[in-house]
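Overview (structure and organization)
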Amino acid sequence: MRTLNTLLASILFVCTIQTVSFAQSANVSESFKKHFNETVEEVQNTNNADEKRAILNRSFTKMITTLDRIESLASLTEDESAKLASYKSDLSEKISELNGLDGFDEIMDEDLDNFSDYSQDFIEQANRTITIGVTTALLILIILLLL
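Residues numbered from 1 in each chain as written. Predicted model: local features only at pLDDT ≥ 70, side-chain atom pairs only at ≥ 80, totals over all residues. Heavy atoms only, no water.

As for the side chain of S59
Along the polypeptide, S59 turns up in helix α3 (residues 49–73). Relative accessible area serves as the criterion here: at 3%, S59 is assigned to the buried category. For S59, the side chain forms a polar contact with the side chain of T39, separated by 2.9 Å. Not counting chain neighbours up to four residues away, the residues in contact with S59 comprise H35, F36 and T39. (Helix = DSSP H or I, 4+ residues; strand = E, 2+ residues; numbered from the N terminus. Buried < 20%, exposed > 50% of the residue type's maximum accessible area, 1.4 Å probe, protein only. Polar contact = N/O pair within 3.5 Å; in protein donor to acceptor, adjacent residues only side chain to side chain. Contact = heavy atoms within 4.5 Å.)

Structure, rendered in structure tokens:
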């Protein structure tokens, strides 16, 4: 019986190491793309312009908060930190565009659907790949769901 337990524990350990070696990285951008695709669907299914604006603001704010938490919890290289800062800056710029801050004209109510599509294209075409550990990727998903 003792030999069987040792054998099972060894097999489990080997499988765990193999799984971790294959799944060492995840892409932050992909998580945000998925999240924002859901946001765009929600915006386009809403008729009230104020509600659309609130949904977009909430989504951008969630992504910025998530990036802040990643920065504080994950040990990132200097290059990864710079990419996160750039991504966060671009998201802040989208909030400014949406609300008419920092020299931007406010997006008109009738243009909110187009702005959400434009923002989705911007996020999907962003040439930023931030690769992080699987644990941090799971943390991102949890944070996005909880916010």
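Having seen the model, we can carry on.
Some details on the packing of helix α4 (residues 78–99) against helix α5 (residues 112–125)
As a packed pair, α4 and α5 sit with axes 12 Å apart at the nearest point and diverge in direction by 170 degrees. The angle between the axes of α4 and α5 places the two elements in the roughly antiparallel class. For the pair α4 and α5, the contacting residues are Y87, D90, L91, K94, E97 and L98 in the first and L112, F115, Y118, S119, F122 and I123 in the second. Grouping the constituent residues of the contact of α4 with α5 by class yields eight nonpolar, one polar and three charged. (Axes fitted to C-alpha atoms, helices over the stretch in contact; angles between N-to-C directions. Parallel < 35°, antiparallel > 145°, perpendicular 65-115°, else oblique. Nonpolar A, V, L, I, M, F, W, Y, C, P; charged D, E, K, R; others polar.)

Brief notes about the pattern of salt bridges
This model, assessed by the stated rule, comprises five salt bridges. Of the charged contacts, one joins E106 and R53 as a salt bridge, the two residues approaching to 3.6 Å between their closest N and O atoms. One end of the pair, E106, is in the loop between α4 and α5; the other, R53, is in helix α3, and 53 residues separate them in sequence. With a shortest N-O distance of 2.6 Å, K88 and D68 are connected by a salt bridge. One end of the pair, K88, is in helix α4; the other, D68, is in helix α3, and 20 residues separate them in sequence. Overall, K88 belongs to the buried group, its relative accessible area being 19%. The class for D68 is partly exposed, based on a relative accessible area of 35%. Salt bridges sharing common partners tie together R53, E106 and D109. (Salt bridge = Lys/Arg side-chain N within 4 Å of Asp/Glu carboxyl O.)

Here we look at α3
With 25 residues, α3 extends 36 Å from end C-alpha to end C-alpha; this agrees with the ideal 36 Å at 1.5 Å per step. Where α3 begins, the capping side chain belongs to N48, and its oxygen is found 2.8 Å from the backbone nitrogen of D50. (Expected span 1.5 Å × (residues − 1).)

Considering the confidence of the model for the protein chain
Here the protein chain averages 76 in pLDDT, while 66% of its residues score no lower than 70. Within the protein chain, the element-level pLDDT minimum falls on strand β2 (residues 131–132), averaging 50, and the maximum on α3, averaging 88. Confidence drops under a pLDDT of 50 for residues 13–26, and excluding neighbours within four residues, the segment shows eleven contacts in the predicted structure. (pLDDT = per-residue confidence, 0-100.)

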